[in-house]
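# Observations on chain architecture
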Amino acid sequence: MSHHKKCVVIKIGSHHTIAGFNNTELPQCILPSSYLKKGSDEYIFGTISMLEEAMAKNEGETNESLEVFTTVDENGIPYNWTVIEQQLKYIYKTQLKCEPQDLPLVITVPHLKSELANKVLERYFNIAFTKLNVPVLQIIIEPLAIALAMGKTSALVIDLGSSGCNITPIVEGTVVKTSVMRSRFAGDFLDYQVTQKVENIVKNNKKKNNSEEIDIDGDINISNEDNILSDNKDSVDVWLQANTWIQDFKINMLQVSDKELPELERFYKEQAEMQIRQQEQLQQYSTNNVNAKLDEAAIASIQNNNPLSQKKNFLYKLANQTISLESRQCYELAESLFNPSMISEKYTKEDGLGEIIGKSIKKAGASVSSVGTNTIGALGASMTIQPMNTQSKNNYLGDNNGNNNSNATGINSLSTTATTPEYIYSMLLTNIIVTGATSLINGMEQRIIKELSIRFPQYKITTFANQVTMDRKIQGWTSSVSMSNLPSWELAKWYTKSDYEKELNSETVNEK
Ligand code: ATP
């Protein structure tokens, strides 16, 4: 297969689907992965069309039923295959403006557990070869592509997305399967927290101002605000809010503290006390009175200077109100990713991001050293996922019981290295890649470093995060583009329709 061939690259995430060509730096389109179903059989894809329909519905301009559905479940696994097929056809027709059969296709998928991976991959192969008729297909594991595109064969990829945060350790070009971990507390969870917080504030303001307007006849006027705050929002309202004001709120208001929030409170309290003592000493010195104390107003003014009490304002256009939050409240919202137990007793601190990143590294150390030094698959074998049961085993360290992969190119095997857990810890901790749009929250990278330095105090920690907002949002896609532009495709495997049919036939024979 010619390696200079132009191809289509599509990344399907739980929030966004990104599609474009491998000869351009930016994708052709970034669309919601969810879709609107209008009436009984009309599907609406694409941000603008979806927004227009959703707004028309809210303004009462349409009587037809409208609902938002997802194509990817809360674990980041695609499940709505009929619609995924339609969505891909829509992308080819309206966005890429080319025929699927004209260009090879690269699909980027998150790392999946092996029992699911085969089912999901078979579906993709089926859609690509039997519904779209693409000539050749390659499926790339997203975290692997991200690490390799950054020139790293070993890395810990921390992808903070919408449905979850995925932690993927990669050692010498291979995903350490048993150590991949996922937290369900990510962008969607924050959306819910933000909505609750803002709506509570609006409700309280409303109560305070007694703003239910009673007209001359004594009727209560139901304002737009009441609709917004109603507890029975439908899927269209939830989607619309998540893609409009909640996005703005997250970008402008949310922040992550570099240490746990109670620790930060203590820190600023101690700072204030120290400042009070210093001022008193100054006063004592200048008045020659050893008992001189600051007056209450001066003490209050120092205490009010606490950075956590600084106000941040957000214009909540839906209710025509400016919402004021203290900095500590903004920290609290994002802190729930690291300590979900502060939201509800049914969650534990062990579900938090810091804990699962730490666990993932420790598990990687344990599994790599226990599996042995000759079991790490070579880079080439792990670049792509292979569709069939027997082959896909070798893509991941955890399943590879010492068998060499038949597709291995023999690059970068760890066989000559003494593999101890400490060696793996150090290799992963110096190559932490932070990606996914939720990682754009202010202070996220610093906090991850802090969480890791507590758990691995004796190790050097180095993180890599793309500093350009758009680049970080589309990193999964651009990394796949880089992979598809490698001078030699020997590193990965392309599948043709005949490969697929051969595999299907051999499976049928085996079953018989
Ligand atoms: P997943 O990784 O779960 O499959 P995805 O790759 O489609 O999802 P991303 O685009 O990485 O998801 O992340 C989307 C989430 O990031 C959404 O919840 C969105 O609200 C949030 N988000 C987008 N921009 C920002 C930002 N600047 N600050 C904070 N959060 C943001």
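Residues numbered from 1 in each chain as written. Predicted model: local features only at pLDDT ≥ 70, side-chain atom pairs only at ≥ 80, totals over all residues. Heavy atoms only, no water.

## Looking at the overall build of the chain
We count it as follows: Under the scheme used here, helices are H or I runs from DSSP no shorter than 4 residues and strands are E runs no shorter than 2 residues, and both carry numbers assigned from the N terminus. Per-residue accessibility, obtained with a 1.4 Å probe over protein chains only, is compared with the maximum for each type, and a residue is labelled buried under 20%, exposed over 50%, and partly exposed between these values. The criterion used for residue contact is that any of the two residues' heavy atoms lie within 4.5 Å.
For the chain, the count of helices and strands is 19 helices and 17 strands. Residues counted as buried form 49% of the 512 residues belonging to the chain. Once local pairs closer than 6 in sequence are excluded, the contacts in the chain between residues at least 24 apart make up 70%.

## With respect to the domain arrangement of the chain
Formally: These domain limits were set by an automatic method or by a database of domain assignments. Buried area counts how much accessible surface, traced with a 1.4 Å probe, disappears from two parts once they are put together, with both parts' losses summed. Salt bridges are counted wherever a side-chain nitrogen of Lys or Arg sits within 4 Å of a carboxyl oxygen of Asp or Glu. Two N or O atoms count as a polar contact when they lie within 3.5 Å, although within protein this holds only if one can serve as hydrogen donor and the other as acceptor, and sequence-adjacent residues are included solely when both atoms are side-chain atoms. Polar here means any residue outside two lists: the nonpolar Ala, Val, Leu, Ile, Met, Phe, Trp, Tyr, Cys and Pro, and the charged Asp, Glu, Lys and Arg; Gly therefore counts as polar.
Assigned domains within the chain: domain 1 (8-141 + 487-511) and domain 2 (187-206 + 233-348). Contacts between domain 1 and domain 2 engage 14 residues on the former and 9 residues on the latter. Carbon and sulfur atoms supply 64% of the area buried between domain 1 and domain 2, which totals about 940 Å² over both sides. Applying the counting rule to domain 1 against domain 2 returns 2 salt bridges. For lysine 57, the salt bridge is made with aspartate 237, and the minimal N-O distance between the two is 3.9 Å. Where domain 1 touches domain 2, the interface holds 3 residue pairs in polar contact (both at pLDDT 80 or more). Elements represented by at least two residues in the side of domain 1 that touches domain 2 include exactly α1 (47-58) and β6 (66-69). Here the side of domain 1 that touches domain 2 takes 7 residues from α1, the largest share from any one element. Among the residues making up the side of domain 1 that touches domain 2, the classes are represented as 8 nonpolar, 4 polar and 2 charged.

## Structural notes on helix α4 (residues 142-149)
Counting buried positions along α4 gives 7 out of 8 residues, so the element sits mostly inside the fold. For α4, the full list of buried residues reads Glu142, Pro143, Leu144, Ala145, Ile146, Ala147 and Leu148.

## Points about the sheet that holds strand β1 (residues 8-12)
Put simply, the rule reads: A pair of strands is considered paired only if DSSP assigns at least 2 bridges between the two. Axis lines are fitted to C-alpha atoms, over the contacting stretch for helices. Their N-to-C directions set the angle, which ranges from 0 to 180 degrees.
The 6 strands lie next to each other as β3-β2-β1-β7-β8-β17, forming an open sheet whose pairing is mixed. Strands with a single pairing partner mark the edges of an open sheet, and in this sheet they are β3 (29-32) and β17 (495-496). Where β1 and strand β2 (residues 16-21) come together, 5 bridges link them in antiparallel fashion. Bridging from a neighbouring strand, isoleucine 10 pairs with alanine 19 of β2. Across the face of the sheet, helix α2 (residues 81-96) comes into contact with β1, β2, β3 and β7 (105-109) while running at roughly 145 degrees to β3.

## Things to note about the nonpolar core
For clarity, the cut-off: Residues enter a nonpolar core if they are buried and are Ala, Val, Leu, Ile, Met, Phe, Trp, Tyr or Cys, with the set joined through side-chain atoms within 4.5 Å.
Judged by nonpolar contacts, the single largest core of 53 residues is most densely connected at Phe249, Ile357, Ile361, Leu429, Ile448 and Leu452. Leaving out residues up to four positions away in the same chain, leucine 429 has contacts with Ile361, Leu452, Phe456, Tyr459, Lys460, Ile461 and Thr462. Counting residues in hydrophobic clusters, the runner-up holds 39 residues, among them Tyr90, Leu105, Ile139 and Tyr500.

## Quick word on the pairing of β6
The alternating pattern of β6 places Leu66 and Val68 on a buried face and Glu67 and Phe69 on a face that is not buried. As paired strands, strand β4 (residues 35-38) and β6 are joined by 4 bridges and run antiparallel to one another. Along β6, the bridge assignment pairs lysine 37 with glutamate 67.

## Let's talk about the packing of helix α9 (residues 261-287) against helix α10 (residues 296-304)
Heads up, the rule is: Each crossing is labelled by how the near helix is turned from the far one, with a counterclockwise turn of less than a right angle marking it left-handed and a clockwise turn marking it right-handed.
Running from amino to carboxyl end, α9 crosses α10 at an angle of 145 degrees, the nearest separation of the two axes being 9 Å. Between α9 and α10 lies a crossing whose hand is right-handed. On α10, the residues that touch Ala272, Gln275, Ile276 and Gln279 of α9 are Ile299, Ile302 and Gln303. A per-class count over the contact of α9 with α10 returns 4 nonpolar, 3 polar and no charged.

## Some points on a nonpolar patch on the surface
Rule in force here: Residues qualify for a patch when their relative accessible area is over 30% and they have no salt bridge, like charges being joined within 9 Å and the nonpolar side chains of Val, Leu, Ile, Met, Phe, Trp and Tyr within 5 Å. Shrake-Rupley sampling with a 1.4 Å probe provides the accessible areas, and residues are treated as covered by the protein chains on show and by no other component.
On the surface, Leu26, Val468 and Met470 cluster together to form a nonpolar patch covering roughly 270 Å² of accessible area. In this structure, valine 468 sits in the loop between β16 (463-465) and α17 (469-473). The class for valine 468 is partly exposed, based on a relative accessible area of 44%.

## Let's talk about the site of the ligand
This is how the line gets drawn: Proximity criterion: a residue is near a molecule or strand once any of its heavy atoms comes within 4 Å of it.
Lys11, Ser14, His15, His16 and Lys250 are the nearest of the 20 residues found near the ligand. Within the backbone of serine 162, an N or O atom sits 3.0 Å from an oxygen atom of the ligand. Residue serine 163 places a main-chain N or O atom 3.0 Å away from an oxygen atom belonging to the ligand. Notes on the ligand: free accessible area 660 Å², of which the protein chains cover 94%.

## Remarks on the environment of serine 480
Looking at where serine 480 falls in the secondary structure, it is placed in helix α18 (residues 475-484). Along the chain, serine 480 and isoleucine 107 lie 373 residues apart, while their C-alpha atoms are 8.3 Å from each other. When residues no more than four places from it in sequence are discounted, the contact partners of serine 480 are Val9, Thr108, Ile140 and Ala145.

## Comments concerning the pairing of strand β15 (residues 432-435)
The condition that has to hold: Note on handedness: a clockwise path from strand one over the helix to strand two, with the strands aimed away from the viewer, defines a right-handed crossover.
Where burial is concerned, the two faces of β15 agree: the one with Ile432 and Val434 and the one with Ile433 and Thr435 are both buried. In this structure, strand β9 (residues 155-160) lies alongside β15, joined through 4 bridges in parallel fashion. Note that in β15 the partner of aspartate 159 across the bridge is threonine 435. For β15 and β16, the ladder comprises 3 bridges, and the chain directions are parallel. Residue pairing in the sheet places valine 434 in a bridge with alanine 465 of β16. Note on the crossover from β15 through helix α16 (residues 444-455) to β16: the handedness is right-handed.

## A closer look at the environment of cysteine 98
As for its placement among the helices and strands, cysteine 98 is situated in the loop between α2 and β7. Taking C-alpha positions, cysteine 98 is 17 Å from leucine 26, a pair spaced 72 residues apart along the chain. Beyond its immediate sequence surroundings of up to four residues, cysteine 98 is in contact with Val8, Phe21, Tyr92 and Leu103.

## Comments concerning unusual backbone geometry
We note that lysine 97 has phi near 50 degrees; this positive angle belongs to a residue other than glycine. Inspection of the secondary structure assignment puts lysine 97 in the loop between α2 and β7. The exposed category is assigned to lysine 97, whose relative accessible area is 64%. At glutamate 172, a position not held by glycine, the phi torsion is positive, near 50 degrees. Looking at the element boundaries, glutamate 172 is found in the loop between β10 (165-171) and β11 (174-175).

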